[in-house]
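So you can see what is in the structure, the chains are spelled out below.
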Amino acid sequence: GAVVSQHPSRVICKSGTSVKIECRSLDFQATTMFWYRQFPKKSLMLMATSNEGSKATYEQGVEKDKFLINHASLTLSTLTVTSAHPEDSSFYICSARGSSGRKNEQFFGPGTRLTVL
Amino acid sequence: AQSVTQLDSHVSVSEGTPVLLRCNYSSSYSPSLFWYVQHPNKGLQLLLKYTSAATLVKGINGFEAEFKKSETSFHLTKPSAHMSDAAEYFCVVSEGQAGTALIFGKGTTLSVSS
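These numbers were taken from a predicted model, which means no experiment stands behind them. (Residues numbered from 1 in each chain as written. Chains lettered and ligands numbered in written order. Predicted model: local features only at pLDDT ≥ 70, side-chain atom pairs only at ≥ 80, totals over all residues. Heavy atoms only, no water.)

(A) Quick peek at the environment of B:Tyr36. Assignment of secondary structure puts B:Tyr36 in strand β5 (residues 31–38). The exposure class of B:Tyr36 is buried, given its relative accessible area of 2%. As a C-alpha pair, B:Tyr36 and B:Gly107 span 71 residues in sequence and 9.4 Å in three-dimensional space. If near-sequence neighbours (up to four positions away) are discounted, B:Tyr36 is found in contact with A:Gln106, A:Phe108, B:Leu44, B:Gln45, B:Leu46, B:Leu47, B:Glu88, B:Tyr89, B:Phe90, B:Val92 and B:Leu102. (Helix = DSSP H or I, 4+ residues; strand = E, 2+ residues; numbered from the N terminus. Buried < 20%, exposed > 50% of the residue type's maximum accessible area, 1.4 Å probe, protein only. Contact = heavy atoms within 4.5 Å.)

(B) How the structure looks around the pairing of strand β6 (residues 44–50) of chain B. All names here are of chain B. Where β5 and β6 come together, 6 bridges link them in antiparallel fashion. Bridge pairing links Val37 to Gln45 in β6. Taken together, β5 and the strand that follows it, β6, pair antiparallel across an intervening segment of 5 residues, in which Asn41 is found at a positive phi of about 60 degrees. (Pairing = 2+ DSSP bridges.)

(C) Examining the side chain of A:Thr32 more closely. All names here are of chain A. Relative to the helices and strands, Thr32 is located in strand β4 (residues 30–38). Taking the relative accessible area as the measure of exposure, Thr32 reaches 2% and is therefore buried. Within the local environment of Thr32, its side chain forms a polar contact with the side chain of Asn51, the two groups lying 2.7 Å apart. Apart from the residues within four sequence positions on either side, Thr32 is in contact with Thr49, Ser50, Asn51, His71, Ser95, Ala96 and Arg97. (Polar contact = N/O pair within 3.5 Å; in protein donor to acceptor, adjacent residues only side chain to side chain.)

Given below as C-alpha cells:
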C-alpha cells in the first residue's frame, strides 16, 4: 500500500513550452501533496505544499506563476512548468500525505526528470 | 527553524564492514527525524523514523539509528554493508506533527566495494 506514481518519468521539451507533471496516490487519499526539486548531487528542495481544494503554498523564492500547482482531487496533483527554460531542467519529486491511518507519513513518487533544450 | 547537517558527503566501506552515516539536527521543538534512501533512478524510500518513542529505531534492511538529544544527533548505522546498500542517503527533520513539510540534509553517498 501507499504507492505514489508520477507521470511522465522523463520529459524533454523545447525552451518556451509548458510541461505538466502528474502525481497520483494510487491506493490512498492524499489531503496534502508536496513538490520538491532535486538538482544533480544536491538535496531535495521543497517548492510548494498543496492541500486538496485550496491554493498551493509556495516556498520563498519559488515563482508561483511559473510553477503552477493544482490539487483538484484527493488522489491527483499536477505541477505545470510554464514557459520552460534550460535552467528549469531538474528532477521533480512529489510526495503525498494520507488523511487517515498512516496520516503522519509522506510517501514519495519516483520522480520526473525534465530536460529543457 | 529546523535544519539537518549530514557530516559526510561521501562514505566508502568494504562489503561486510560496518556503516556509519552521521547526522546532526537543529530544532526548536520535539523533532521527528527520518532517514531516506535513494537508489539511482528510483524513488525515495523510508528507511526508518523517530517520532518521540524509543530512542533506538530499527528500520528496514538491517539499518538502525539512535536519537541522542544531548548530542542533537541521529546517526544511521548498519553492522555489515552489502553491495546493494550503495545509494544516496538523506537525513530529514520535521517539526511537530510528522508529515508536515520535510527538511532534507544534503545527502551522503554511500559506496560499497567488494
